[in-house]
Amino acid sequence: MKKELIFLGPPACGKGTQTTMLAQFLKFPHIDTGSLLRAEIKAGTDAGKEAKLYIDEGHLVPVELVAKIIKNRLSEDDCKNGYILDGYPRSLEQADALTKMNSDINRDEKADFRAIYFDIDTDILVERIVNRRSCPKCGEIYNLAFKAPKQDGICDKCGEKLTQRKDDTREIAQERFDTYFKETAPLIDYYKNMGVLRSIDANGSIEEVWERLLKVVND
Ligand code: AMP
């Protein structure tokens, strides 16, 4: 049965790292709305220009803009057996939009839909954000505090110069947390009530969280 996996959790809770690993493990596409939007910005599209205004402030991009990008992506052939959706939905309105998209795409086919919530102590997350660096070429994510590259500022995997996201500053990170608690956190109850929520303790090392994640994906 097709596996539709979505992920909830505050900014920098480790979803990006874990869902990238999970996508490779399950051989499903990893669809990350933040990266899709940053790609639109880089390409200078109209959608990208509009999205940048919101991203730079730590706010959510308008619902229709993201829905269009996501629906196109979920309709592609490589999502037929399953997908990993990281960073969508982020509001109740987006959750309703996703339910509708899934039923339009699947028609009468049944799918195994799960929302996996990364439950984490949020006090440490702003520090995690300001220490985050990523590779613009291969997408590998580093953290100067606990997963530093071997050579300062250089990607271990492909040798590219690492960059820091423009919205990974202390001030914008705070805005993103406010947006998360207001808009996205209500989805935890929404999916709990639907009976599709699985929670994992997202505190601890990458390896510890990975073990917990595999358990809820395979149960
Ligand atoms: P992320 O890379 O997941 O931290 O997302 C970076 C930024 O992209 C967010 O702060 C939002 O401005 C925007 N964004 C990502 N996903 C969504 C979404 N599902 N809905 C609206 N805005 C989004």
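Residues numbered from 1 in each chain as written. Predicted model: local features only at pLDDT ≥ 70, side-chain atom pairs only at ≥ 80, totals over all residues. Heavy atoms only, no water.

A. Up close: the overall build of the chain. The secondary structure content of the chain amounts to 9 helices and 7 strands. On C-alpha atoms alone, the chain measures out to a radius of gyration of 17 Å, which is about the 17 Å that the 2.2 N^0.38 rule sets for 219 residues. If you line up the chain on its principal axes, its C-alpha atoms span 50 × 40 × 35 Å. By the burial criterion, 46% of the 219 residues in the chain qualify as buried. Put simply, 70% of the contacts in the chain that link residues at least 6 apart link residues at least 24 apart. Approximately 11800 Å² of the chain is accessible, and the part contributed by carbon and sulfur atoms is 50%. Distance from the positive charge centre (34 side chains) to the negative charge centre (38 side chains) of the chain: 4 Å. (Helix = DSSP H or I, 4+ residues; strand = E, 2+ residues; numbered from the N terminus. Rg over C-alpha atoms; globule rule 2.2 N^0.38 Å. Buried < 20%, exposed > 50% of the residue type's maximum accessible area, 1.4 Å probe, protein only. Contact = heavy atoms within 4.5 Å. Areas by Shrake-Rupley, 256 points an atom, 1.4 Å probe, with all protein chains shown as cover. Lys, Arg positive; Asp, Glu negative; His and termini not counted. Charge placed at Lys NZ, Arg CZ, Asp CG, Glu CD.)

B. Seen up close, the state of the cysteines. Applying the stated criterion across every chain, the model contains 0 disulfides. Here Cys-158 stays free of any disulfide, with the sulfur of Cys-135 as its closest cysteine sulfur at 3.5 Å. (Disulfide = S-S within 2.5 Å.)

C. Fine view of the nonpolar core. In this structure, Ile-70, Leu-74, Leu-85, Tyr-88, Leu-98 and Tyr-191 are the most contacted members of the largest nonpolar core, which totals 31 residues. Those elements giving two or more residues to this core turn out to be strand E1 (2–8), helix H3 (46–55), helix H4 (63–74), strand E3 (82–86), helix H5 (92–106), strand E4 (111–119) and helix H8 (186–194). Ranked by residue count, the leading element in this core is H4, at 6 residues. Other than its neighbours up to four places away in sequence, Leu-85 contacts Leu-5, Ile-6, Phe-7, Ile-31, Ile-70, Leu-74 and Leu-98. Core analysis: the next-biggest nonpolar cluster, separate from the first, contains 24 residues, Ile-129, Ile-200, Leu-213 and Val-216 among them. (Core = buried A, V, L, I, M, F, W, Y, C linked by side-chain atoms within 4.5 Å.)

Keep in mind these values describe shape, not function.
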